[in-house]
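A structural walkthrough
As a plain string of letters, each chain reads:
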Amino acid sequence: MQDLRALPSIDALLKAPAMAAVVAAYGPESVKQVLRTLQEGWRSRRIVPAWAADAAAWATEAARLLEPHGYRPVFNLTGTIIHTNLGRALLSRELFDSVAELVTRPMNLEYDLTTGSRGDRDRPVERRLSLLTGAEAATVVNNNAAALMLVLNTLARDRPVPVSRGELIEIGGSFRLPEIMERSGCRLLEVGTTNRTRADDYRGVSGHGLLLKVHPSNFHISGFTEAPGIPELAAVAAEQRVPLCVDLGSGTLVDLTRWGLPPEPTPQQMLSQGADLVTFSGDKLLGGVQAGLIVGRRDLVDACKRNPMKRALRPDKVTLAFLDRTLALYEDPDSLAERLPLLRTLTIPEPALTARAERVAAVLRRAAPAFGITSRPSRCQIGSGALPDRTVPSVAVHVGHAGEHAIRGLHERLRRLPVPVIGRIHQGALWLDMRGADPLEDLEAQLDRLTMQP
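Now for a description of the structure that goes with this document. (Residues numbered from 1 in each chain as written. Predicted model: local features only at pLDDT ≥ 70, side-chain atom pairs only at ≥ 80, totals over all residues. Heavy atoms only, no water.)

1. Notes on helix 10 (residues 230-240)
- Buried within helix 10 we find I230, L233, A234, V236 and A237. The arc that holds every buried residue of helix 10, seen down its axis, measures 160 degrees, which confines them to one face. Opposite its buried face, helix 10 presents the exposed residues A238 and E239, each directed more than 90 degrees away.
- Those residues of helix 10 hidden inside the fold are in contact with helix 9 (199-203), strand 10 (211-214), strand 11 (244-249) and helix 11 (267-272).
- Immediately beyond the C-terminal end of helix 10, within one or two residues, lies R241, with a positive phi of roughly 55 degrees. (Buried < 20%, exposed > 50% of the residue type's maximum accessible area, 1.4 Å probe, protein only. Helix = DSSP H or I, 4+ residues; strand = E, 2+ residues; numbered from the N terminus. Arc of directions from axis to C-beta. Contact = heavy atoms within 4.5 Å.)

2. Some words on the sheet that holds strand 17 (residues 424-426)
- Strand order across the open sheet formed by five strands is 2-14-15-18-17, with mixed pairing between neighbours. Two strands in the sheet have a free side with no partner beyond their single neighbour: strand 2 (80-82) and strand 17. Each strand axis lies, on average, 40 degrees off the axis of its neighbour in the sheet, ignoring direction.
- As paired elements, strand 14 (residues 372-383) and strand 15 (residues 391-400) share 10 bridges and run antiparallel to each other. Paired with G372 across the bridge in strand 15 is G400.
- Against the sheet, helix 17 (residues 350-367) touches strand 14, strand 15 and strand 18 (429-433), its axis set at about 15 degrees to strand 15. (Pairing = 2+ DSSP bridges. Axes fitted to C-alpha atoms, helices over the stretch in contact; angles between N-to-C directions.)

Here it is as structure tokens:
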């Protein structure tokens, strides 16, 4: 304990060389507020720590308190490629650079260069989506939940909407389909059972605004199951003279099986089978930025665009510009696996993954010699909210130890690295999946820092 007069001034601490890196990382105002809060607490308790005269100690304490704030890059070695908590789909640096000049200057976001009058901000993306999916029209909002909400509010407000009990999903963050429907202004009408729903279950209801089919992209039911196909539901919708909307959740515009990946329905397949509208995400299997995409009949899409909610849900110029460039990649499917980071990650050959694992394991053996470190075959999940039941072969570095507390302690140390390394603990061991080990040299450099951690 020291005298309160031993507390240095905030200004002196901010100017101290030892504080320079912390100020550069978090900003002078944030650092000043943390220092002030620390000093006010000690003054109120009339306690001063022994290190009060050491600027370096102040810098360490300020960094510790500020570390949880702000966004940071990480290495996603969890074995889940499209990880909801870790930024979802990887974005292309090449595409990001290509839109930099566009979004940092005035642009024709809502300006028609031909007529010199107000334009439609969705038009470039609508054109690409229409050509790629065969839809009459398309529009964009800020995520897929918003896309579904806009469709429901536009076409079924104050009316019931039948949904199979087997499709009453919960998406990330505890958001549930029934709650989204309620906020949309429509009423949920449950049909069928959890595991078996037939077309006649939809025929037995009336007075509704549309038929909604939810593709189970974030859950899987197996066993004694039955569900009507899109052609069957389209026939029912036509009989009842209501639209059929298919919510794909995760949407891809190509046949994934051409790269040996699990199959997933595409919007163009849903439309060709009779769906009137299809909603899907831009930042899952599409491999782009967060966005909700609506494609289908022009009259229905136009109605959605006229809804005042559309303005509240619309994406900004950065999202639209990046989405347009991402969609352009799909014009040449043969080069997609090389140019789209998501597909490039999912199609890394196993020999390359094994080579990565051997290099990472060698660094870890030096940095953490008390652990058993081996390379093992594993299965990689495509996404936590996209194809959760579908996996692809992978290779992981397996880190074992007799004490589970030691495993958790090592994982914590990995998370404290300047660029945190996030793995998964499974069956008492730490698994580091090599599909996320990119760039490999940077990962090795981070793991080398473990030797300098306490």
